[in-house]
Amino acid sequence: MTTTASPRGTSTGAGRPVEHALGPFPPDRPPAAWGLRVLATLLDSAIVAAVVFLATGAAPTLAALPGLGKPGGTGGAAWTAGTLLALGILQAYTGATPGKRVAHVAVVDDRTGRPIGLLGTVLRWFAHMLDAILLIGYLRSAFRKDGRTFADSLLGTVAVRTTAPPAHPLVARLRASRDRHAPWLRWPRPVTGGVALVLCAAAAAASVTASSGGGQQMSEQQSSCMSTGDFAATAMIGSARSFDMDSRLGITRVDVTRWQVAVAWTTGLSVDSSDNPEVGDLEARLTVTSPDGRHLYWAESPGTTGPDEAGDGIDEAADVAWFSPADEVASTVVTVPGEPTGWSARAELLDGGAVVAECSAPVPTIDADPASLFD
């Protein structure tokens, strides 16, 4: 009996990978054009940006390209990573993210033609860090017939033009189990493509309609207290928050970037300062303390803001108060890491380092939500 070898493109036994006579690009899966891969990346990045924006108000850029773009803050980084993981799982077991499905691109193993699984997808994502160096790896794929980036060459993957690569073994088993036990769960393939198209279209629309702005909100009133020292003066204490605003498709998200408490000393406001002693250039010092007394921040003019000994503060230059009462003699600003509701403030007026006036007052609150400014 004559035995012939199985040709490439057919199964050679249970558990053996299927290889193709034309290598990684059979007629039904030609190499994906570089432009389509760029389009897929932009659509996936738009999806990530839309999810992170809705969740946190941050706006990452080009998140689908490792090594490029920005995550959008601490909370944005977590949502970016989570969304990328979800997209990675889709690519790992179906070969395509929503953006790739719309662009008719799939990432597959160059030998079997199947999706590469989660481990391969994660390794390929990290390998793209090499491609991000001066964009050489990403541009390399535009000039190669097989369209490989450095990551593709290292891991034996290719991007092909298809929306239906051979099923990953795990997906094949799940489909077989579904067909046996719940065939009613099957849906036409165009439904998957339609969902991906709607998702990408909404994300792209959110990206192109984006607008941004920002501002500062101050407490409507300031707290005040009169000095108890030899120098007659009044301390005016106010609070403020700075914020950034982004709007997409009519949805507005506000991100508070900084909280501040300020003091401005004045010899006006019905204070009899006629008997005040002669002084030099006065300086203001302000200390704010949390309700539980565990967090303390201070600022001195001119100078820097700082923390207590526990190191909880912020090291940056002290600002000038955003309000200025009549007969002002000195002011300073403390930056704090969160809303100072219920905090207390201690104001001091210094002459050559010596305290000539001091008093304490509660930090005023800001009641209005910054998002209400854009309703």
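Up top is the structure.
Thresholds, definitions, all that
- Residues numbered from 1 in each chain as written.
- Predicted model: local features only at pLDDT ≥ 70, side-chain atom pairs only at ≥ 80, totals over all residues.
- Heavy atoms only, no water.
- Disulfide = S-S within 2.5 Å.
- Helix = DSSP H or I, 4+ residues; strand = E, 2+ residues; numbered from the N terminus.
- Buried < 20%, exposed > 50% of the residue type's maximum accessible area, 1.4 Å probe, protein only.
- Phe/Tyr/Trp six-rings, centres within 6.5 Å; stacked < 30°, edge-to-face > 60°.
- Polar contact = N/O pair within 3.5 Å; in protein donor to acceptor, adjacent residues only side chain to side chain.
- Pairing = 2+ DSSP bridges.
- Axes fitted to C-alpha atoms, helices over the stretch in contact; angles between N-to-C directions.
- Parallel < 35°, antiparallel > 145°, perpendicular 65-115°, else oblique.
- Contact = heavy atoms within 4.5 Å.
- Nonpolar A, V, L, I, M, F, W, Y, C, P; charged D, E, K, R; others polar.
- Patch = residues over 30% accessible without salt bridge, like charges linked within 9 Å, V, L, I, M, F, W, Y side chains within 5 Å.
- Areas by Shrake-Rupley, 256 points an atom, 1.4 Å probe, with all protein chains shown as cover.
- Salt bridge = Lys/Arg side-chain N within 4 Å of Asp/Glu carboxyl O.
- Core = buried A, V, L, I, M, F, W, Y, C linked by side-chain atoms within 4.5 Å.
- 1 Å grid on protein atoms, 1.4 Å probe; cavity = no way out; pocket = protein on both sides within 12 Å on 5 of 7 lines; lining within 4 Å.
- Points joined across faces, edges and corners; volume = space filled by probe spheres on them.
- Expected span 1.5 Å × (residues − 1).

Trainee: Any chance you could explain the state of the cysteines here in plain terms?
Mentor: Note on terminology: a disulfide is the covalent bond linking the sulfur atoms of two cysteines. Inspection of every chain in the model, using the stated rule, returns one disulfide. The side chain of Cys-225 participates in a disulfide bridge whose partner is Cys-359; the two sulfur atoms lie 2.0 Å from each other. Across the disulfide from Cys-225 to Cys-359, rotation about the S-S bond amounts to roughly 55°, and the bridge is consequently right-handed. Pair noted here: Cys-225 is in strand 4 (residues 223–226) and Cys-359 is in strand 12 (residues 354–362), with a separation of 134 residues, a long-range link. For the pair formed by Cys-225 and Cys-359, the shared burial category is buried.

Trainee: Is there a simple way to think about the packing of aromatic side chains in this case?
Mentor: All told, the structure shown has three aromatic pairs when counted by the stated rule. Between the aromatic rings of Trp-125 and Phe-126, the centroid separation amounts to 5.6 Å while the plane-to-plane angle is 90°, which identifies the pairing as edge-to-face. Of the residues examined, Trp-125 reaches a relative accessible area of 30% and is grouped as partly exposed. Residue class for Phe-126 comes out exposed when judged on its relative accessible area of 52%. Measuring from centroid to centroid gives 5.9 Å for Tyr-297 and Trp-343, while their planes differ by 25°, and the two rings are stacked.

Trainee: I would appreciate a short explanation of the side chain of Gln-91 in the present structure.
Mentor: Its location among the elements puts Gln-91 in helix 2 (residues 73–94). Within the structure, Gln-91 has its side chain in polar contact with the side chain of Lys-100 (distance 3.0 Å).

Trainee: Is there a simple way to think about the pairing of strand 12 in this case?
Mentor: In regular strands, side chains alternate between the two faces of the sheet. Strand direction decides the pairing type here: strand 11 (residues 344–351) and strand 12, joined by eight bridges, are antiparallel. Each residue of the ladder has a partner; that of Leu-349, found in strand 12, is Ala-357. Linkage of strand 11 to strand 12, two consecutive antiparallel strands, is achieved through a turn of two residues, within which Gly-352 is found at a positive phi near 65°.

Trainee: I tried to follow the packing of helix 1 (residues 34–56) against helix 8 (residues 189–208) on my own but got confused; where do I start?
Mentor: When two helices pack together, you describe them by how their axes are tilted relative to each other and by the distance separating the axes. Where helix 1 meets helix 8, the axes come as close as 8 Å, and the angle between the chain directions of the two elements is 70°. Here helix 1 lies roughly perpendicular to helix 8, going by the angle between them. Two secondary-structure elements touch here, helix 1 through Leu-43, Ala-46, Ile-47 and Ala-50 and helix 8 through Leu-199, Cys-200, Ala-203, Ala-204 and Ser-207. A breakdown of the residues in the contact of helix 1 with helix 8 according to their chemical character gives eight nonpolar, one polar and no charged.

Trainee: How do you make sense of a nonpolar patch on the surface when you look at a structure like this?
Mentor: Nonpolar side chains collect at one region of the surface, where Leu-119, Leu-123, Leu-130, Ile-133, Leu-134, Ile-136, Leu-154 and Leu-155 lie side by side and expose about 810 Å² of accessible area between them. Those elements that place two or more of their residues in the nonpolar patch are helix 4 (117–131) and helix 6 (150–155). Examining the composition of the nonpolar patch, we find that three residues originate from one element, helix 4, more than from any other. Within the secondary structure, Leu-130 sits in helix 4. Look at Leu-130 and you get partly exposed, because its relative accessible area is 39%.

Trainee: Please clarify how the nonpolar core should be interpreted in this entry.
Mentor: Note that soluble globular proteins tend to have their nonpolar side chains buried in a common cluster. In terms of nonpolar packing, the biggest core is built from 28 residues, with Val-263, Trp-265, Leu-286, Val-288 and Leu-349 touching the most fellow members. Contributions of two or more residues to this core are made by strand 5 (234–248), strand 6 (251–266), strand 7 (282–289), strand 8 (296–300), strand 10 (328–336), strand 11 and strand 12. With residues up to four places along the chain from it excluded, the contact list for Leu-349 reads Phe-231, Ala-233, Trp-265, Leu-282, Glu-283, Val-329, Ala-330, Ala-354, Val-355, Val-356 and Ala-357.

Trainee: Mind showing me how you'd approach unusual backbone geometry here?
Mentor: Trans peptide bonds make up the majority, and among non-glycine residues the majority have a negative phi. You will see that His-104, though not glycine, has its phi angle at about 60°, which is positive. Mapped onto the secondary structure, His-104 falls in the loop between helix 3 (98–102) and strand 1 (106–109). A positive phi angle is found at Asp-327, which is not glycine, with a value near 60°.

Trainee: Explain the environment of Ala-203 to me, please; I cannot follow it from the model alone.
Mentor: Looking at the secondary structure, you find Ala-203 in helix 8. Residue contacts for Ala-203: discarding those within four places in its chain leaves Ala-46, Ile-47 and Ala-50.

Trainee: Even after reading the chapter, I still don't get empty space enclosed by the protein, so can you show me in this structure?
Mentor: In this approach the atoms are scanned with a rolling probe the size of a water molecule, which exposes any empty space left behind. Evaluation of the coordinates by the stated rule reveals one cavity of 30 Å³ or more. Taken together, Ser-239, Trp-259, Glu-339, Pro-340, Thr-341, Pro-364, Thr-365 and Ile-366 make up the full set of residues lining the largest cavity. Across the lining of the largest cavity, the residue classes tally to four nonpolar, three polar and one charged.

Trainee: Which parts of the structure should I look at to understand helix 4?
Mentor: Since there are 3.6 residues in each turn of an α-helix, residues three or four apart along the chain are aligned in direction. For helix 4, spanning 15 residues, the distance from its first C-alpha to its last is 21 Å, which sits close to the expected 21 Å at 1.5 Å a residue. Among all positions in helix 4, only Gly-117, Gly-120, Thr-121, Arg-124, Ala-127, His-128 and Asp-131 are buried.

So, to be careful, I would describe these as geometric facts and stop short of saying anything about function.
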